[in-house]
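Geometric and topological summary
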Amino acid sequence: MKHITLFLLYCLCLNIVSSQNIEGAWTTTESNDEGYQVEHTLIFTASFFSEAIFEKEGGKFLGTKGGSYSINKDVLDLTYEYSTKGTEIVGTTKSEAYMLNIDNLELGHLKWNKVDNGTPGDLFGAWLISGRKRDGEIVQRDTSGPRKTMKILSGTRFQWIAYNTETKEFMGTGGGTYTTIDGKYTENIGFFSRDDSRVGASLEFNYELKNGDWHHSGFSSKGNPIYEVWSKRIK
């Protein structure tokens, strides 16, 4: 009986560890039909996920999909809010078996390598844009509607996505690596759906957390001044 109890406790602990360790960023590379190396980057926060697909050399954007997820033992229930690979999956939930082994993840037909576990970034999580400063005043934006701009960050990787859950429209995305050092948030662009020429650029912003919101200011990739407020996504 003692051995059985210890085994059950071990299995329970293993399941808890798996649930926690899936959070962060994962990456894998495969060859496409043209022989190009294609990189997949997958970010999991506590409740949300996003996968970005782009050519490893040059960062040409190839696709993205994501939404929310939950874990049921060794199965991931993935509920899609956006997809460039076919809008028919938007609004549906797909159950995928997965296997987690320390720094490796088997999901779908791919084997993923861990990039980070959500550290060291201050901004790990999923965020929705909730305000912009105009004429010196912050104008609030409703985050409960179908049109969303979400930014999802692991400890070292980021991706933003603009989409509409009602119309299933995808408006754009971009992402790469980031750092948060001494109040400076720096994005290094690895892919950008609207303009491949932006790949390789680095953008530095001021950032501050105020009452749980992320205040973000500086200049956009086009050189325009911006001041945005992002709120942590709950649902």
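Worth saying up front: this structure is predicted, and the values here are computed from it rather than measured. (Residues numbered from 1 in each chain as written. Predicted model: local features only at pLDDT ≥ 70, side-chain atom pairs only at ≥ 80, totals over all residues. Heavy atoms only, no water.)

Focus on the overall build of the protein
Counting secondary structure elements, the protein contains 1 helix and 17 strands. For the protein, the C-alpha radius of gyration of 19 Å lies close to 18 Å, the compact-globule estimate for 235 residues. Projecting the C-alpha coordinates of the protein onto the three principal axes gives extents of approximately 70 × 50 × 35 Å. For the protein, the computed accessible surface area is about 12,700 Å², with 51% contributed by carbon and sulfur atoms. On the protein, the mean spot of the 26 positive side-chain charges and the mean spot of the 30 negative ones are 3 Å from each other. (Helix = DSSP H or I, 4+ residues; strand = E, 2+ residues; numbered from the N terminus. Rg over C-alpha atoms; globule rule 2.2 N^0.38 Å. Areas by Shrake-Rupley, 256 points an atom, 1.4 Å probe, with all protein chains shown as cover. Lys, Arg positive; Asp, Glu negative; His and termini not counted. Charge placed at Lys NZ, Arg CZ, Asp CG, Glu CD.)

Quick notes on the environment of R141
Of note, R141 is situated in the loop between β10 (137-140) and β11 (147-153). When its relative accessible area of 28% is taken as the criterion, R141 is described as partly exposed. Spatially, the C-alpha atom of R141 lies 19 Å from that of Y207, the residues being 66 residues apart in sequence. Dropping the residues within four chain positions of it, R141 is found in contact with I129, S130, G131, R132, R147 and T149. (Buried < 20%, exposed > 50% of the residue type's maximum accessible area, 1.4 Å probe, protein only. Contact = heavy atoms within 4.5 Å.)

Here's the deal with the side chain of T149
Assignment of secondary structure puts T149 in strand β11. Of the residues examined, T149 reaches a relative accessible area of 17% and is grouped as buried.

Description of the pattern of salt bridges
Pairing between side chains of opposite charge can happen when the charged atoms of each approach one another. Inspection of the entire model under this criterion finds 8 salt bridges. The salt bridge partner of K94 is E96, with a shortest N-O separation of 3.3 Å. In this structure, E187 engages K151 in a salt bridge whose closest nitrogen and oxygen atoms are separated by 2.9 Å. A residue pair is termed long-range when its members are at least 10 positions apart, and E187 in strand β14 (residues 184-192) and K151 in strand β11 qualify at 36 residues. Connected through shared salt-bridge partners, E39, K56 and R157 make up one network. (Salt bridge = Lys/Arg side-chain N within 4 Å of Asp/Glu carboxyl O.)

So, the confidence of the model for the protein
Close inspection of predicted coordinates is inappropriate for parts of the model with low pLDDT. Summarising the model, the protein shows a mean pLDDT of 91, and 91% of its residues fall at 70 or more. Counting interchain partners and residues more than four positions distant, the pLDDT-below-50 stretch residues 4-20 has 4 contacts. (pLDDT = per-residue confidence, 0-100.)

Details of the packing of aromatic side chains
By the definition in use, this model includes 13 aromatic pairs. Between W160 and F192, the aromatic rings sit 6.0 Å apart at their centres with planes inclined by 65 degrees, giving edge-to-face as the arrangement. Highlighted residues: W160 in strand β12 (residues 157-164) and F192 in strand β14, separated in sequence by 32 residues. Judged by its relative accessible area of 13%, F192 falls in the buried class. Three or more aromatic residues joined by ring pairs make a cluster, and in this case those are W127, Y178, Y185, F205, W214 and W230. A cation sits over an aromatic face here: K133 above Y227, 4.0 Å from the ring centre. (Phe/Tyr/Trp six-rings, centres within 6.5 Å; stacked < 30°, edge-to-face > 60°. Lys NZ or Arg CZ within 6 Å of the ring centre and 35° of its normal.)

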